[in-house]
Amino acid sequence: MLLPNEVQLWLLPLDQPGEVAHLNSLLAPEEQARAQRFLRPDHQRRFVVGRGLLRTLLGHYLTIEPQRLKFAYSPHGKPFVSWPPTNLTFNLSHSNTLALYAFTLQRAIGVDLEQINNATPVLRLAERFLAPSEQLALQNLPPPLQAEAFFTCWTRKEAYLKARGTGLALPLNRFAVAVGPTEPARLLSVEGEPAEPTRWTFQALNLASGYAATLVGEGSGWQLNYGALL
Ligand SMILES: CC(C)(COP(=O)(O)OP(=O)(O)OC[C@H]1O[C@@H](n2cnc3c(N)ncnc32)[C@H](O)[C@@H]1OP(=O)(O)O)[C@@H](O)C(=O)NCCC(=O)NCCS
């Protein structure tokens, strides 16, 4: 059960070979068809498990059989529950073999999880995708800290985009977040939208070794609880 002013997080494994058939049976035909469109069998299975677990968790919160839920999508693809009628909101992210789910009531919410890859050319990617202040902050860090800082920054940006539901319709270089690994997660500025930084709360999540993750929610003062961690 979710209390008002609560956010619940679940971190779950996507490689669950024994559960694939059951979870697949919970999916709607269009979800099963989407799974079939993944070229790699492991990607197919992870989509089935990720979506089946999402239905299972939503079924638990809404006390409904998971296969009876219906999803709809915002113009930029953010899924929400269209049936049964509810004020529950959710978001999810997957990276490699892990999925992170966030559930709450009323407020807009976004999560992002990324596996930290130390071989990624982070300064090049930063130049291409990040805001100037983020690039500078990253360049000023000692090189051994740059990969973790980049992926942390990335999850802050993606979680914000996902909370707003805009996807990349809001370009990544039009807004800036705090970057340093010791800096509290927060939104610094959004071009043309001066009120945005006070509208959202950013929360750094330390969930699994080798992964960066951020939760962004509208407003402030919620209580974060964990449904399950690995
Ligand atoms: C879709 C997007 C919102 C996040 O994508 P992502 O970080 O690749 O993927 P994540 O695993 O974190 O999130 C995917 C989930 O977010 C949800 N989602 C999809 N569109 C969304 C949107 N507009 N807003 C919020 N959530 C969304 C879905 O539940 C999706 O899971 P599903 O496909 O199993 O249903 C979007 O920001 C995007 O396309 N990002 C890609 C960034 C990119 O291409 N960068 C290139 C440089 S490396």
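Each value, and the rule that gives it
Residues numbered from 1 in each chain as written. Predicted model: local features only at pLDDT ≥ 70, side-chain atom pairs only at ≥ 80, totals over all residues. Helix = DSSP H or I, 4+ residues; strand = E, 2+ residues; numbered from the N terminus. Rg over C-alpha atoms; globule rule 2.2 N^0.38 Å. Buried ≥ 20, exposed ≤ 12 C-beta atoms within 10 Å, placed from the backbone. Contact = placed C-beta atoms within 7 Å. Axes fitted to C-alpha atoms, helices over the stretch in contact; angles between N-to-C directions. Parallel < 35°, antiparallel > 145°, perpendicular 65-115°, else oblique. Left-handed = near helix turned anticlockwise from the far one by under 90°. Nonpolar A, V, L, I, M, F, W, Y, C, P; charged D, E, K, R; others polar. Pairing = 2+ DSSP bridges. Domains from an automatic or database assignment. Near = placed C-beta within 6 Å. Core = buried A, V, L, I, M, F, W, Y, C linked by C-beta atoms within 7 Å.

1. Looking at the overall build of the chain
Then, in step 1: Within the chain, the secondary structure is distributed over seven helices and 11 strands.
Then, in step 2: Against the 2.2 N^0.38 benchmark of 17 Å for 230 residues, the chain shows a C-alpha radius of gyration of 18 Å, consistent with a compact globule.
Then, in step 3: Overall, the chain is about 50 × 35 × 30 Å in size when its C-alpha atoms are taken along their principal axes.
Then, in step 4: The buried share of the chain, reckoned over its 230 residues, is 37%.
Then, in step 5: Nonlocal contacts in the chain, meaning residues at least 24 apart in sequence, comprise 58% of its contacts between residues at least 6 apart.

2. Here we look at the environment of glutamate 196
Then, in step 1: Mapping glutamate 196 onto the fold places it in helix H7 (residues 196–199).
Then, in step 2: Of the residues examined, glutamate 196 has 16 C-beta atoms within 10 Å and is grouped as partly exposed.
Then, in step 3: Along the sequence, glutamate 196 and phenylalanine 175 sit 21 residues apart, while their C-alpha atoms lie 9.8 Å from each other.
Then, in step 4: When residues no more than four places from it in sequence are discounted, the contact partners of glutamate 196 are Leu187 and Val190.

3. Some words on the packing of helix H4 (residues 122–129) against helix H5 (residues 132–139)
A packed helix pair is summarised by two numbers, namely the angle formed by the two axes and the spacing between the axes.
Then, in step 1: Direction vectors running N to C along H4 and H5 enclose 165°, while the axes themselves pass 8 Å from each other. The angle between the axes of H4 and H5 places the two elements in the roughly antiparallel class. The element H4 and its partner H5 pack so that their crossing is left-handed. For the pair formed by H4 and H5, the contact residues are Val122, Leu123, Ala126 and Glu127 on the first element and Glu134, Gln135, Leu138 and Gln139 on the second.
Then, in step 2: Among the residues forming the contact of H4 with H5, the class breakdown is four nonpolar, two polar and two charged.

4. A short note on the pairing of strand E5 (residues 98–105)
Then, in step 1: For E5, a buried count of seven out of eight residues is recorded, marking the element as mostly surrounded by other parts of the structure.
Then, in step 2: Examined bridge by bridge, strand E1 (residues 6–13) and E5 share six bridges and lie antiparallel to one another. Following the sheet pairing, glutamine 8 is matched in E5 by phenylalanine 103.
Then, in step 3: Two elements, strand E4 (residues 88–95) and E5, share eight bridges in a ladder whose sense is antiparallel.

5. Thoughts on the domain arrangement of the chain
Then, in step 1: Each assigned domain of the chain is listed with its residue range as follows: domain 1 (12–88) and domain 2 (112–228).
Then, in step 2: Here domain 1 and domain 2 have C-alpha centroids that lie 26 Å from each other.
Then, in step 3: Across the side of domain 1 that touches domain 2, the residue classes tally to one nonpolar, three polar and one charged.

6. Looking at the pairing of strand E11 (residues 223–228)
Then, in step 1: The buried count for E11 comes to zero of six residues, which makes it a mostly uncovered element.
Then, in step 2: Pairing of E1 with E11 involves five bridges; the strand directions are parallel. Directly across from leucine 9, in E11, lies its bridge partner tyrosine 226.

7. A look at the site of the ligand
Then, in step 1: Neighbouring the ligand are 19 residues, the closest being Gly77, Lys78, Ser93, Lys162 and Gly167.
Then, in step 2: Counting residues per element, the ones that place at least two in the shell around the ligand are helix H3 (41–62), E4, strand E6 (109–115) and helix H6 (143–164).
Then, in step 3: The residue makeup of the shell around the ligand, split by class, is five nonpolar, nine polar and five charged.
Then, in step 4: Residues from two domains meet in the shell around the ligand; each of domain 1 (12–88) and domain 2 (112–228) gives at least three.

8. Quick word on the nonpolar core
Then, in step 1: Grouped together as the largest cluster of nonpolar side chains are 55 residues, with contacts concentrated most on Leu100, Tyr101, Ala102, Val111, Phe150 and Tyr160.
Then, in step 2: When residues in this core are grouped by element, the largest group, nine residues, is from H6.
Then, in step 3: Structurally, this core is a two-domain feature, drawing no fewer than three residues from each of domain 1 (12–88) and domain 2 (112–228).

9. Remarks on unusual backbone geometry
Then, in step 1: In the segment running from tryptophan 83 into proline 84, the intervening peptide bond is cis, with an omega of 5°.
Then, in step 2: Relative to the elements of secondary structure, proline 84 occurs in the loop between strand E3 (79–83) and E4.
Then, in step 3: If you check the backbone angles, asparagine 5 has positive phi at about 70° while not being a glycine.
Then, in step 4: For asparagine 5, the position within the fold is in the segment before E1.
Then, in step 5: For asparagine 5, a count of 13 C-beta atoms within 10 Å corresponds to the partly exposed category.
Then, in step 6: Here glutamine 106, not a glycine, exhibits a phi torsion of approximately 75°, which is positive.
Then, in step 7: In this fold, glutamine 106 is placed in the loop between E5 and E6.
Then, in step 8: A count of 12 C-beta atoms within 10 Å places glutamine 106 in the exposed class.

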